[in-house]
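Working through the structure, step by step
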Amino acid sequence: SFTNQATQHSQDLNPPSGITELSLRSFIDMGFTESQAEQIYESLANVRKGDSAKHILPTLTALFVLGLNPSSVKKCLEKCPELYTIKEAQLQQRISNLRKIGLVEGSLQRMVAHYPRILTVPSKRVKNVVMFLKEKCLFTSQQVTDIIRDCPAVVLENLDQLEYKFQYVYFRMGVKQAEMVKCRLFRYSLDEIRCRHTFLERRGFYETPDKKGQTTIINPNLDSVLNVDQDTFLAHVAQTSAEEYDVFKRLAAREWQEGELQQGRTEPD
Amino acid sequence: EKWAATHPKLPPTRLAVHHFDATYSTQLGQLWPSVRLAMLSERKYGALLNNFSHNVALTELKAQGCVDFISEREKDVPSCLEEKSEEPSDVSMKSSDADGEQLSLSPNIKCLVFPRGDVTRFKPARPDKNGLLGYYLMDAASLLPCLALDVQEGHSVLDLCGAPGGKTLALLQTQAIRFLCINDSSVSRTLRLRKVLHSYVPKHFLTNENLRITSFDGTKWGEIESNTFDRVLVDVPCTTDRHSLMEDDNNIFSKNRTGERRRLPQLQLELLLAGIQAACPGGEILYSTCTLSQNQNLSVVEQAIYQAREKDGIHLQVVDLKPLMRMFGNTFHFAPDLHLGEMVIPHLVANFGPIYMCKLKRLT
Ligand SMILES: C[S@@+](CC[C@H](N)C(=O)[O-])C[C@H]1O[C@@H](n2cnc3c(N)ncnc32)[C@H](O)[C@@H]1O
C-alpha cells in the first residue's frame with residue numbers, strides 16, 4: 001500500500017539509529033578514499049533490506065582481515081552487493097570452511113577478490129561439491145583445492161551437469177584429472193568444450209582413446225584446445241577458417257538441441 | 001581390415017571412417033579434414049522444382065531466402081534465362097563460358113538452395129489439388145549429372161540405375177525426352193521409383209509410349225538393347241560415402257557385406273560398359289557416383305574406355321565438363337585437378353556431394 005511504501009522509503013534514506021556510526025567518516029577511517037567512501041555509503045542506502053546495513057561492518061572487517069585492500073574491497077561490493085546482507089556468523093563459517101578445504105591465505109584472498117560471490121554460497125553446498133569432485137570424479141584433495149581456487153564458480157553448478165561435463169572430458173576426450181585441473185577445465189561450459197572437441201574430432205584431429213588408452217593419432221592437449229582464443233584455436237589446432245567453424249557452431253547447436261531429448265549422458269564403455 | 005579384425009564390435013560407420021581416413025587423406029591431402037567434417041555433419045538439400053505441380057513453390061521458397069542455383073548464377077547469366085516464365089519450355093539455352101565453349105542447360109530444371117553458409121532446412125513439399133508435390137528434396141549436386149547429360153528435344157534416354165528416381169525426375173522436368181527407359185535391378189526400389197513418379201508427374205506423361213520401367217540386371221543391357229539411346233545415365237551403386245559414415249543400418253561397410261563392397265568397382269565397370277553399348281553411335285553416356293573413391297570413379301572410367309575399345313571396338317571421347325564446373329563454382333566446391341571427370345566435394349559452407357561424374361561420347 002501507499003503508506004507502507006512511504007515508510008520503507010524514508011527508512012532507506014535515514015539509516016536506523018543502530019548504525020549511525022556508519023558515517024562517511026567511518027569509511028574514510030577504514031582506509032577508503034573520500035570518493036570510494038561516498039560510493040559505498042550511497043550503495044549501502046540503495047540496498048533494499050532494512051536491516052542489512054548492520055552487517056556491513058563485520059563484512060568489511062572480514063574482507064580486510066583476508067588481506068584485501070580498500071579498492072579491492074570496494075570492487076567486491078560492486079561485483080556482489082549481496083555481501084552487504086550476509087550475517088557475520090555465516091561469513092566467518094564460510095571463510096573457515098574454505099580454509100579447511102585448503103585455501104590458504106594468498107589464494108583465498110585472490111579467489112575472494114576475483115569471485116566474491118563465493119562468500120554467499122552456503123558451506124553445505126561447497127562441501128557437497130567438494131565431496132562430489134572427490135567421490136564421483138576421483139580428484140585428489142589437492143586437486144579439489146586447486147579446482148575451487150581456479151574455478152570457484154564450480155560450486156554453483158548443477159551437479160548432474162557437472163558430472164556430464166566431467167564424463168565427457170574423461171571418457172570421450174580421454175583426459176585425466178591432472179590435466180583437467182592444470183588447464184582449468186571447469187571454467188568452460190560444456191557447450192564450449194564439446195563444440196571445439198567435436199569440431200576437431202570430425203576433422204580427424206581428435207580421437208577417443210580405446211580401452212587401452214591408445215589412439216592412432218596424437219591428440220592435441222586440452223590446454224591448446226581450450227585455453228586459446230578462437231583465432232588461435234582455428235589457426236594452430238583446427239587448421240581452418242572461421243567461416244567453416246561458424247557454420248559448424250550453428251549446426252552443432254541445433255544437433256545438440258534436438259538430441260537433448262533422446263540422449264542420456266555419455267556412457268563409459 | 002586387420003585393424004577391424006581385432007575390434008569385432010566396431011560398428012560399420014566406424015569402419016567406414018577408418019577406411020576413408022586411410023584412402024582419402026592421401027587422395028585429397030589438405031582438403032580431406034574439411035571434407036571429412038562436412039560428411040560427418042548435416043548435409044544440405046536442394047529443392048528440385050516440379051513444373052508439373054500447380055503449387056508454385058518458387059515464390060514461397062524465394063521468400064525464405066532460397067535461390068535457384070542454376071539460373072541465378074553470379075556471372076554469365078543470359079537475361080532470357082532469368083526472365084523465363086514458369087511455363088516449361090522445350091528449347092535449351094546455349095550459354096557460353098569464358099573460353100567460348102558451348103554448354104546447353106535445360107531452362108526447365110530449377111533447383112532452389114539456401115545460400116552458402118545458410119543451414120536452414122526445407123519444409124516437406126505439399127501436394128497440389130491433383131496430389132502432385134511442389135518439389136523434390138535431393139542433393140543439389142546430384143543435378144549436375146542430369147544437367148551434364150544435356151538432354152535435347154526428341155531424345156531417347158536410358159537411366160540404367162534409376163531408383164529411387166531423383167535424377168529421373170530432373171530429366172523429366174526438361175519435357176524434351178521422346179522416350180525414357182528407367183531401369184533398376186532392385187524390384188523394391190523400382191516400386192519406390194513408381195511411387196515417386198506418381199507423386200510428381202501427371203499420369204498422361206507416364207504412358208507406355210513415353211516411358212518404360214524395368215528391373216533387369218543392368219550389366220546385361222548391352223545384350224538386350226544395344227546402339228539405341230541418345231543419352232544414357234549410368235548412376236551406379238557405390239560406397240555411398242555419406243550414408244556409410246552416418247547410418248549403421250544397411251551399411252556397405254558392415255562385415256557381412258565386405259565381398260559385395262570389394263566387387264563394386266567390377267560391377268560399376270560392367271554397368272558402364274553396358275551403358276556404353278546401349279548408347280547409339282554419337283550418343284553420350286554419363287557415369288556418376290556419390291563416392292570420393294578413385295577406384296570407383298576414375299579407374300572405372302579408364303577401364304571402361306579401354307575395354308570398350310579393345311573388346312567392343314567402340315571408340316569414346318571424354319567430354320570436358322570444365323564449363324559446367326566454372327558455371328557452378330559459386331554453389332559447389334569442386335575437387336581441383338582431376339584428370340578425368342569432375343567431382344563435387346563436400347564442404348560445410350556448401351555441404352553438397354560427394355558427386356563424381358564423367359561424360360563420354362560414343363564416336364563409333
Ligand atoms: C546410386 S543409386 C541410383 C540413384 C538414382 N539414379 C537416383 O537419382 O535416385 C544406384 C542404384 O543401382 C541399383 N543397382 C544395383 N545393381 C544394379 C544392377 N546390376 N543393375 C541395375 N541397377 C542396379 C540399385 O538398386 C540402386 O537403386
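Residues numbered from 1 in each chain as written. Chains lettered and ligands numbered in written order. Predicted model: local features only at pLDDT ≥ 70, side-chain atom pairs only at ≥ 80, totals over all residues. Heavy atoms only, no water.

1. Some points on the packing of helix H11 (residues 258-278) of chain B against helix H12 (residues 298-312) of chain B
Residue and element names in this part refer to chain B. The criterion, for reference: For helices, the axis comes from a line fit to the C-alpha atoms of the stretch in contact; other axes are also lines fit to C-alpha atoms, and the angle between any two N-to-C directions lies between 0 and 180 degrees. Elements are defined by DSSP. Helices are runs of H or I of four residues or more, strands are runs of E of two residues or more, and each kind is numbered from the N terminus. Note that the term roughly parallel is reserved for angles under 35 degrees, roughly antiparallel for angles over 145, roughly perpendicular for angles of 65 to 115, and oblique for everything else. What makes a crossing left-handed is the near helix being turned counterclockwise from the far one by less than a right angle; a clockwise turn instead makes it right-handed. Contact definition: two residues touch when any of their heavy atoms are within 4.5 Å. All amino acids are sorted into three groups, where Ala, Val, Leu, Ile, Met, Phe, Trp, Tyr, Cys and Pro are nonpolar, Asp, Glu, Lys and Arg are charged, and the leftover types, Gly among them, are polar.
Remark: H11 packs on H12, axes separated minimally by 9 Å, with the N-to-C direction vectors making an angle of 50°. Our classification of the angle between H11 and H12 gives oblique. Helix-helix and strand crossings are classified by hand; for H11 and H12 the assignment is right-handed. Note on element contacts: H12 touches H11 through Val300, Val301, Gln303, Ala304, Gln307, Ala308 and Asp312, opposite Pro265, Gln268, Leu269, Leu272, Leu273, Ile276 and Gln277. Classifying every residue of the contact of H11 with H12 by side-chain character gives nine nonpolar, four polar and one charged.

2. With respect to the confidence of the model for chain A
Quick note on the threshold: Scored from 0 to 100, pLDDT reflects the predictor's confidence in each residue.
Per-residue confidence for chain A gives a mean pLDDT of 86, with 86% of residues at or over 70. Within the model, the stretch residues 1-20 of chain A combines pLDDT values under 50 with six contacts to residues more than four positions away or in other chains.

3. Description of the site of the ligand
All names here are of chain B. In plain terms, the rule: In these notes, residues near a molecule or strand are those with any non-hydrogen atom within 4 Å of it. Counting of polar contacts relies on pairs of N or O atoms within 3.5 Å, with two restrictions inside protein: one atom must be capable of donating a hydrogen and the other of accepting it, and residues adjacent in sequence are counted only when both atoms are side-chain atoms. Per-residue and other accessible areas were derived by the Shrake-Rupley procedure at a 1.4 Å probe size, with only the shown protein chains allowed to occlude residues.
The full set close to the ligand counts 21 residues, and Gly165, Asp184, Arg189, Gly218 and Asp235 are the nearest of them. Within the side chain of Asp235, a nitrogen or oxygen atom sits 2.6 Å from a nitrogen atom of the ligand. Here the ligand, which alone exposes 600 Å², has 87% of that area covered by the protein. Of the residues contributing to the shell around the ligand, the split by class is nine nonpolar, seven polar and five charged.

4. Side note on the interface of chain A and chain B
Here is the rule: Using a 1.4 Å probe, buried area is obtained as the accessible area two parts lose upon being combined, added over both of them. Here, a salt bridge means any side-chain nitrogen of Lys or Arg that lies within 4 Å of a carboxyl oxygen of Asp or Glu.
Taken together, the contact between chain A and chain B spans 18 residues of the former and 18 residues of the latter. Among the residues of chain A in contact with chain B, Arg202, Glu244 and Arg254 of chain A are the three that bury the most area, contributing 35% of the side total. Taken together, chain A and chain B are joined by three salt bridges. Across the pair Glu258 of chain A and Arg121 of chain B runs a salt bridge whose closest N-O atoms are separated by 2.9 Å. There are eleven residue pairs in polar contact (both at pLDDT 80 or more) connecting chain A and chain B. Among the secondary structure elements, those contributing two or more residues to the side of chain A that touches chain B are helix H12 (190-203) and helix H15 (242-259) of chain A. The leading source of residues in the side of chain A that touches chain B is H15 of chain A, at nine residues. Taken together, the residues of the side of chain A that touches chain B break down into five nonpolar, three polar and ten charged.

5. Considering the nonpolar core
For clarity, the threshold we go by: Each nonpolar core is a collection of buried residues, namely Ala, Val, Leu, Ile, Met, Phe, Trp, Tyr and Cys, held together in the definition by side-chain atoms within 4.5 Å. A 1.4 Å probe rolled over the protein chains alone gives each residue an accessible area, and that area as a share of the maximum for its type sets the label: buried under 20%, exposed over 50%, partly exposed in between.
Leu98, Leu119, Leu133, Phe139, Val169, Phe186 and Phe233 of chain A are the most contacted members of the largest nonpolar core, which totals 80 residues. Element by element, the count of residues in this core is highest for H15 of chain A, at six residues. Ignoring sequence-local partners within four residues, the contact set of Phe186 of chain A consists of Leu133, Phe139, Ile147, Cys151, Val154, Glu157, Leu162 and Lys165 of chain A. Membership of the second largest hydrophobic core comes to 52 residues, among which are Ile70, Cys111, Leu171 and Met327 of chain B.

6. Points about unusual backbone geometry
The general pattern is negative phi for most residues beyond glycine and trans for most peptide bonds. Residue and element names in this part refer to chain B. With an omega dihedral of 5°, the bond running from Ala163 to Pro164 counts as a cis peptide bond. If you check the backbone angles, Asp150 has positive phi at about 60° while not being a glycine. With respect to the helices and strands, the residue Asp150 is situated in the loop between helix H6 (143-149) and strand E7 (156-159). Even without being a glycine, Thr240 presents a positive backbone phi close to 35°. Structurally, Thr240 is set in the loop between strand E10 (229-235) and helix H10 (241-246). Residue Thr240 is classed as partly exposed on the basis of its relative accessible area, which comes to 28%.

7. Some remarks on H12 of chain A
An α-helix turns once per 3.6 residues; consequently, residues spaced three or four apart project the same way. Selection rule: Here the expected span of a helix is defined as 1.5 Å times the quantity of residues minus one.
The first and last C-alpha atoms of H12 of chain A sit 20 Å apart over 14 residues, in line with the 20 Å expected at 1.5 Å per residue. The element H12 of chain A is extensively covered by neighbouring structure, given that twelve of its 14 residues are classed as buried. Buried positions along H12 of chain A lie against helix H10 (159-172), helix H13 (222-226), helix H14 (230-238) and H15 of chain A together with helix H3 (32-39) of chain B.

8. Some details on the pairing of strand E8 (residues 179-183) of chain B
On a regular strand, each side chain points to the face opposite its neighbour's, so the side chains alternate between the two faces of the sheet. All names here are of chain B. The condition that has to hold: Between any two strands, pairing holds if DSSP finds at least two bridges. The crossover handedness rule: strands pointing away from the viewer, path from first strand over the helix to second strand clockwise, crossover right-handed.
Among the five residues of E8, five are classified as buried, and the element is accordingly described as predominantly covered. Burial of the side chains of E8 extends over both faces: Phe179, Cys181 and Asn183 are buried on one face and Leu180 and Ile182 on the other. Pairing of E7 with E8, which is carried by four bridges, proceeds in the parallel orientation. From the neighbouring strand, Ser156 faces E8, where its bridge partner is Phe179. You can see the chain leave E7, run along helix H7 (residues 166-173) and come back into E8, and the turn it takes is right-handed. With four bridges connecting them, E8 and strand E9 (residues 211-214) associate as parallel partners. Across the sheet, the residue bridging to Leu180 is Leu211, located in E9. Once the chain exits E8 it traverses helix H8 (residues 187-200) before rejoining the sheet at E9, and the crossover so formed is right-handed.

9. Brief notes about the sheet that holds strand E5 (residues 111-113) of chain B
All names here are of chain B. The sheet built from four strands is open, its strands ordered E2-E5-E1-E6 with antiparallel pairing. Strands at the two margins of the open sheet, each flanked by one partner only, are strand E2 (67-68) and strand E6 (135-138). Note: strand E1 (residues 46-49) against E6, four bridges, orientation antiparallel. Among the inter-strand pairings, Gly46 is bridged to a residue of E6, identified as Met138. Across the sheet, H7 touches E1 and E6, and the angle it forms with E1 is around 40°.

10. Quick word on the packing of aromatic side chains
What characterises a pair of aromatic rings is the spacing of the ring centres plus the angle enclosed by the ring planes. Rules: Ring geometry is summarised as follows: Phe, Tyr and Trp rings, the Trp one being its six-membered ring, pair when their centres sit within 6.5 Å, and such pairs are stacked at plane angles under 30 degrees, edge-to-face over 60 and tilted between the two. Whether a charge lies above a ring is judged from NZ of Lys or CZ of Arg, which has to be within 6 Å of the ring centre and within 35 degrees of the ring normal.
Within the structure shown, the criterion is met by 22 aromatic pairs over all chains. Aromatic side chains Phe166 of chain A and Tyr170 of chain A sit 5.4 Å apart centroid to centroid with 20° between the ring planes, which places their arrangement in the stacked category. Here Tyr170 of chain A and Phe166 of chain A lie together in helix H10, a separation of four residues that amounts to about one turn. According to the relative accessible area criterion, Tyr170 of chain A is partly exposed, its value standing at 23%. Arranged with centres 5.0 Å apart and planes meeting at 85°, the rings of Tyr170 of chain A and Phe171 of chain A form a pair that is edge-to-face. Three or more aromatic residues link up through ring pairs in this structure, and these residues are Phe139, Phe166, Tyr170, Phe171 and Phe186 of chain A. For the cation-ring pair, Arg196 of chain A lies above Phe233 of chain A, with the distance from its terminal atom to the ring centre recorded as 4.7 Å. Geometry around Tyr45 of chain B places Arg43 of chain B over its ring, the cationic atom sitting 5.5 Å from the centre.

11. Thoughts on H12 of chain B
Residues and elements named next belong to chain B. End to end, H12 covers 20 Å across 15 residues, agreeing with the expected 21 Å (1.5 Å per residue, within 8%). Of all the positions in H12, only Leu298, Val300, Val301, Ala304, Ile305, Gln307 and Ala308 are classed as buried. Packed against the buried residues of H12 are H11, strand E11 (279-289), strand E12 (316-319) and strand E14 (355-362). Positive backbone phi, at 65°, marks Gly313, one or two positions downstream of H12.

12. Describing the pattern of salt bridges
All told, the structure shown has 27 salt bridges over all chains when counted by the stated rule. The shortest N-O distance in the salt bridge between Arg203 of chain A and Glu244 of chain A comes to 2.9 Å. Placement of Arg203 of chain A in helix H12 and of Glu244 of chain A in helix H15 is noted, with a sequence separation of 41 residues between them. This pair shows no difference in class: Arg203 of chain A is buried, exactly as Glu244 of chain A is. Ionic pairing is found between Glu284 of chain B and Arg231 of chain B, a salt bridge with its closest N-O pair at 3.4 Å. Taken as a pair, Glu284 of chain B in strand E11 and Arg231 of chain B in strand E10 lie far apart in primary sequence, 53 residues in all. Among the charged side chains, a network of salt bridges with common partners joins Asp146, Arg149, Asp150 and Arg184 of chain A.

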